[in-house]
Amino acid sequence: EHFHAQVRTACQQSAGTVGLKISKVVVVGDLYVGKTSLINRFCKDNFNRDYKATIGVDFEIERFEIVGIPYNLQIWDTAGQEKFKCIASAYYRGAEVIITVFDLTDIQTLDHTKQWLEDALRENEPDSSFIFLVGTKKDLSDAVCERTEIDAIRFANEMQAEYWSVSAKTGENVNEFFSRVAALAFEQSMIKELEKTMGHMAQIGTGNLISMLNFASCNTQASPSCC
Ligand SMILES: Nc1nc2c(ncn2[C@@H]2O[C@H](COP(=O)(O)OP(=O)(O)OP(=O)(O)O)[C@@H](O)[C@H]2O)c(=O)[nH]1
């Protein structure tokens, strides 16, 4: 309890110092894989069966409260169409989280995730972004080849990414997925801020800091407060 309270106070002081913390999340992947639908299910709790291509980029802000600290995710939805790629890639820089999306019913879109990820990583400092690999359209399970998921998990391991399968149509796993994204991004941003602003805590070492924050985030659900 005392330990948790100390971490909480340190985090609040740190958050107070830097003001409201915002993490940048970039969502990439082929056209039609369901990037916009995934974001809309999470931020607006709706689903549209009609396809409307994203032109360039779009973004949503989602507010969270973690260990009593207001925290925002800025979620960038990029266009999958080739002709918009150069516009979209201008927004990759500074991504704390990269979400690489493929369609579980179309293995080709999984093959293309490697390139999407390489393009996004190239614009960011090495090891500065969390990577997620997300298979969409889980509700169409009859059309999902078992091999696709096996390949996806293997690829995620290779890329040190976390793998999730979701359905924007039914909402399955969507809130759970974004809560995980928020918790990891928050933890990362707090570690950075604590390292910067609290010199004395650096003495206990980053490893200890990570376990303390793991403790904090395990004990507190990252819950979206509004859209
Ligand atoms: N059945 C099902 N259909 C989905 C799901 N997610 C998206 N779709 C459909 O897939 C199509 C493409 O979805 P979008 O979200 O527009 O795809 P996108 O990746 O944003 O496409 P671009 O903007 O062109 O890059 C739409 O017709 C959606 O209704 C899902 O979970 N299940």
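If you're wondering where the values come from, they're calculated on a predicted model, not measured in any experiment. (Residues numbered from 1 in each chain as written. Predicted model: local features only at pLDDT ≥ 70, side-chain atom pairs only at ≥ 80, totals over all residues. Heavy atoms only, no water.)

Participant: Just checking my understanding: could you explain the layout of surface pockets for this structure?
Facilitator: Any empty space left between atoms is shown by rolling a water-sized probe over those atoms. Considering only enclosed or pocket space, the largest pocket measures out at about 850 Å³ in volume. In terms of lining, the largest pocket is formed by 36 residues, of which the most central are Thr36, Ser37, Asn48, Asp50 and Tyr51. When contributions to the lining of the largest pocket are tallied by element, the ones reaching two or more residues are helix H2 (35-44), strand E2 (57-66) and strand E3 (69-78). Ranked by residues supplied to the lining of the largest pocket, first place goes to H2 with 6 residues. Residue composition of the lining of the largest pocket, grouped by class: 13 nonpolar, 12 polar and 11 charged. A volume near 270 Å³ is recorded for the second largest pocket. Around the second largest pocket, the lining comprises 13 residues; the ones closest to its centre are Asp127, Ser128, Ser129, Phe130 and Ile131. (1 Å grid on protein atoms, 1.4 Å probe; cavity = no way out; pocket = protein on both sides within 12 Å on 5 of 7 lines; lining within 4 Å. Points joined across faces, edges and corners; volume = space filled by probe spheres on them. Helix = DSSP H or I, 4+ residues; strand = E, 2+ residues; numbered from the N terminus. Nonpolar A, V, L, I, M, F, W, Y, C, P; charged D, E, K, R; others polar.)

Participant: Honestly, the packing of aromatic side chains in this entry has me stumped. Any pointers?
Facilitator: Think of a pair of aromatic rings as described by two things: how far the centres are apart, and how the planes are tilted against each other in angle. Inspection of every chain in the model, using the stated rule, returns 10 aromatic pairs. Taken together, a centroid distance of 6.4 Å and an interplanar angle of 25° make the contact between Phe102 and Tyr163 stacked. Of this pair, Phe102 sits in strand E4 (residues 97-103) while Tyr163 sits in strand E6 (residues 162-165); the two residues are 61 residues apart in sequence, bridging distant segments of the chain. The class of Phe102 is buried, set by a relative accessible area of 0%. Among the aromatic side chains, those forming a connected cluster through ring pairs are Phe42, Phe64, Phe132, Trp164, Phe177 and Phe178. Positioned above the aromatic ring of Trp76 is the side chain of Lys24, whose terminal nitrogen or guanidinium carbon lies 5.5 Å from the ring centre. Over the ring of Trp116 we find Lys85; its NZ or CZ atom is 4.4 Å from the centre of that ring. (Phe/Tyr/Trp six-rings, centres within 6.5 Å; stacked < 30°, edge-to-face > 60°. Buried < 20%, exposed > 50% of the residue type's maximum accessible area, 1.4 Å probe, protein only. Lys NZ or Arg CZ within 6 Å of the ring centre and 35° of its normal.)

Participant: Looking at this structure, I do not really get a nonpolar patch on the surface. What am I missing?
Facilitator: Taken together, Leu31, Tyr32 and Tyr51 make up a surface patch of nonpolar side chains, about 330 Å² in accessible area. Mapping Tyr51 onto the fold places it in the loop between H2 and E2. (Patch = residues over 30% accessible without salt bridge, like charges linked within 9 Å, V, L, I, M, F, W, Y side chains within 5 Å. Areas by Shrake-Rupley, 256 points an atom, 1.4 Å probe, with all protein chains shown as cover. Salt bridge = Lys/Arg side-chain N within 4 Å of Asp/Glu carboxyl O.)

Participant: Please explain the side chain of Lys85 as it appears in this structure.
Facilitator: The topology assignment puts Lys85 in helix H3 (residues 85-89). Owing to a relative accessible area of 17%, Lys85 belongs among the buried residues under this scheme. Excluding residues within four positions of it along the chain, Lys85 makes contact with Gln115, Trp116 and Asp119. (Contact = heavy atoms within 4.5 Å.)

Participant: Help me understand the site of the ligand, please; the structure alone is not making it clear to me.
Facilitator: In the vicinity of the ligand, 23 residues are found, and the nearest of them are Lys35, Ser37, Tyr51, Thr54 and Asp139. Take Ser37: an N or O atom from its side chain is 2.6 Å from an oxygen atom of the ligand. Thr54 places a polar side-chain atom, nitrogen or oxygen, 2.7 Å from an oxygen atom of the ligand. When the free accessible area of the ligand is taken as 650 Å², the share hidden by the protein chains comes to 95%. Here the ligand occupies the largest pocket. Split by residue class, the shell around the ligand holds 9 nonpolar, 7 polar and 7 charged. (Near = heavy atom within 4 Å. Polar contact = N/O pair within 3.5 Å; in protein donor to acceptor, adjacent residues only side chain to side chain. Sits in = over half its atoms within 2 Å of the grid points.)

Participant: Explain the nonpolar core here, please?
Facilitator: The nonpolar side chains of a soluble globular protein tend to be buried with one another. Membership of the largest hydrophobic core comes to 30 residues, with the highest contact counts inside it found for Leu73, Ile75, Ile99, Phe132, Val134 and Phe177. Core analysis: the second largest hydrophobic core is formed by 21 residues, Tyr92, Trp116, Leu117 and Ala156 among them. (Core = buried A, V, L, I, M, F, W, Y, C linked by side-chain atoms within 4.5 Å.)

Participant: I tried to follow the pattern of salt bridges on my own but got confused; where do I start?
Facilitator: Two side chains bearing opposite charge may form a pair once their charged atoms approach each other closely. In the structure shown here, the tally under the stated rule is 11 salt bridges. With a shortest N-O distance of 3.1 Å, Glu60 and Lys44 are connected by a salt bridge. Of the two residues, Glu60 is situated in strand E2 and Lys44 in helix H2; the sequence distance between them amounts to 16 residues. Between Asp119 and Arg122 there is a salt bridge; the shortest N-O distance is 3.1 Å. Note that Asp119 and Arg122 are positioned in helix H5 (residues 113-122) at a spacing of 3 residues, about one turn of the helix. Each of Lys85, Asp119 and Arg122 takes part in a single network of salt bridges with overlapping partners.

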